Amino acid sequence: MPSARPRLLVTRRLPESVEAQMRAEFDTEINAGPPLDRARLAEALKGCDALACTVGDPLDAEMLAAAGERLKLLANFGVGVDHIDLAAARARGILVSNTPDVITDDTADVALALILGTLRGLSSGERMLRAGGWGGWGPTRQMGRSLTGKTLGIVGMGRIGLAVAVRARACGMRIHYHNRTRVAAETERALAADYREDLDALLAEADVVSLNCPYSRETHHLIDARRLGLMRRDGFLINTARGAIVDQEALIAALEQGTIAGAGLDVYPNEPHVDPRLIARDDVMLLPHLGSATVETRIAMGEKVLANLRAWARGEELPDRVA
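Position numbers for residues count from 1 along each chain, tracking the sequence in the order it is written. Only residues with pLDDT of at least 70 get local features here, since the model is predicted, and only at 80 or more are side-chain atom pairs given and counted; chain-wide, interface and lining totals rely on the full set of residues. Only hydrogens and water are set aside; all other atoms, that is, all heavy atoms of the structure, feed into the side-chain values.

The name given to the protein chain in an unreviewed UniProt entry is D-glycerate dehydrogenase, and the organism recorded there is Sphingomonas parva. UniProt positions are given in the numbering used here, feature names are shortened, and annotations may be inferred rather than shown by experiment. UniProt annotates the protein chain under Sequence similarities (unreviewed entry) with the comment "Belongs to the D-isomer specific 2-hydroxyacid dehydrogenase family."

If you want it as structure tokens, here you go:
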């Protein structure tokens, strides 16, 4: 069990109420500047008992090995933990927690915004207007696609995928989904959702494909050149999961060649870098990783981090342990 005032390092600024509580309960250091680079993060790890980290903090086996014996908890501010080498953490006796269940609705809202924005061309329309290029209303200007009657193919029917389906149904979309296992029959009936065991079949029939699966070795570049080639030429790809689920080079090629009609992205493989070729395209709507970015959700995430820190400090089981 750690000392009465464990040393806590927080790698990024968090909501003020969360930071205040961390300072009240722990010997807390908060990085108020730019994200820690690898060298600064490695040095900081040596002097803390617990680390409140984010998706922007790569904690691989080499980094954890250099941390020394003091570090005992990685309390991740976020659900995805693909930036943490979980096997290395287990081997060194370092616990890992995350913040599940609180980002579902906000992330699903952003997925719906990208679906609406890409099909209706809202992003390109706003850019045109701001640049002074709007010549007034016209019968054939800025024509997008209606959501009503379109088929949404959801890849990953967990909490977020289900929440996206509910929102899409309210917009008159048909729901097809691919998942490792089928959801409950009553859920399928409520959403009028059709299960597709074969991902390739789902991609071929969907007007819009929404990626809502977790990132792992199995889902790395899940959407590659071959699978992009299966999509409809008037189809759209939406990604609010993780950037590396999509082969970005293959996506750019598909857009350039007209293999698909457009994309809506909230995540990227090398954040915060966004490929200039994507930025230049009017058929792509880009957001800066806004999935969980509401005041309410970010506070709730911080409260989850605190709950795991408190349990660890008391020697209790972590409520959101992942390793």
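Moving on, there is more to tell.
In this section: the overall build of the protein chain. Strands are runs of DSSP state E lasting at least 2 residues, helices are runs of H or I lasting at least 4, and numbering of each runs from the N terminus. If you tally the helices and strands in the protein chain, you get 13 helices and twelve strands. Taken against the 2.2 N^0.38 rule, which gives 20 Å for 323 residues, the C-alpha radius of gyration of the protein chain at 21 Å falls within 12% of a compact globule. Principal axes of the C-alpha set define a box for the protein chain whose edges measure 70 × 50 × 35 Å. Between buried and exposed lies partly exposed: a residue is buried under 20% and exposed over 50% of the maximum accessible area for its type, with that area taken using a 1.4 Å probe on protein chains only. Counting the 323 residues in the protein chain, one finds 49% classified as buried. Each charge class in the protein chain was averaged separately, 39 positive and 43 negative side chains, and the resulting centres sit 2 Å apart. Here the globule rule reads 2.2 Å times residues to the power 0.38, and the radius of gyration is calculated from C-alpha atoms. When charges are counted, Lys and Arg contribute as positive and Asp and Glu as negative, whereas His and the chain ends are disregarded. The location of each charge is read from NZ of Lys, CZ of Arg, CG of Asp or CD of Glu.

Turning next to the sheet that holds strand β2 (residues 27–30). At least two DSSP bridges between two strands are needed for those strands to be called paired. The strand order β2-β1-β3-β4-β5 describes an open sheet built from five strands, whose pairing is parallel. Pairing within the sheet leaves two strands with one partner each, and these edge strands are β2 and β5 (95–97). Each strand of the sheet is rotated relative to its neighbour by a mean of 15°, with strand direction disregarded. Here three bridges tie strand β1 (residues 7–10) to strand β3 (residues 50–53), and the two strands are oriented parallel to one another. If you follow V10 over to β3, its bridge partner there is A52. In this analysis, two residues are considered to be in contact whenever any of their non-hydrogen atoms come within 4.5 Å of each other. To define axes, lines are fitted to C-alpha atoms, for helices over the stretch in contact only, and angles between the resulting N-to-C directions are given on a 0 to 180 degree scale. Helix α13 (residues 295–313) rests against β1, β3, β4 (73–76) and β5 of the sheet, and its axis sits at about 160° to β4.

Right, let's talk about helix α6 (residues 122–130) for a bit. For α6, every residue scored as buried is listed here: S123, S124 and G125. Structurally, α6 contributes buried residues whose contacts are with α5 (104–120) and β12 (284–286).

Moving on: the sheet that holds strand β11 (residues 262–265). Pairing between sheet strands relies on hydrogen bonds along the backbone, with the strands arranged either parallel or antiparallel. Reading across from one edge, β8-β7-β6-β9-β10-β11-β12 is the order of the seven strands in this open sheet, with parallel pairing throughout. The open sheet terminates on both sides in strands that have one partner only, identified here as β8 (193–195) and β12. Averaged over all pairs of adjacent strands, the angle between strand axes in this sheet comes to 20°, irrespective of strand direction. Here strand β7 (residues 174–178) pairs with β8 via three bridges, running parallel. Opposite Y177, over in β8, you have Y195 as the bridge partner. Strand contacts of helix α7 (residues 159–170): β6 (151–155), β7 and β9 (208–211), with the helix running at about 170° to β6, the strand carrying the most contacts.

Our next topic: the packing of aromatic side chains. Given two aromatic rings, one states the distance between the centres and the angle between the planes to describe the pair. Under the pairing criterion, centres of Phe, Tyr and Trp rings, with the six-membered ring standing for Trp, must be within 6.5 Å; the plane angle then separates stacked pairs below 30 degrees from edge-to-face pairs above 60, leaving the rest tilted. Inspection of the entire model under this criterion finds one aromatic pair. Aromatic pair Y177 and Y195: ring centres 5.2 Å apart, planes at 50°, arrangement tilted. Placement of Y177 in strand β7 and of Y195 in strand β8 is noted, with a sequence separation of 18 residues between them. Summarising the burial analysis for this pair, Y177 and Y195 share the class buried.

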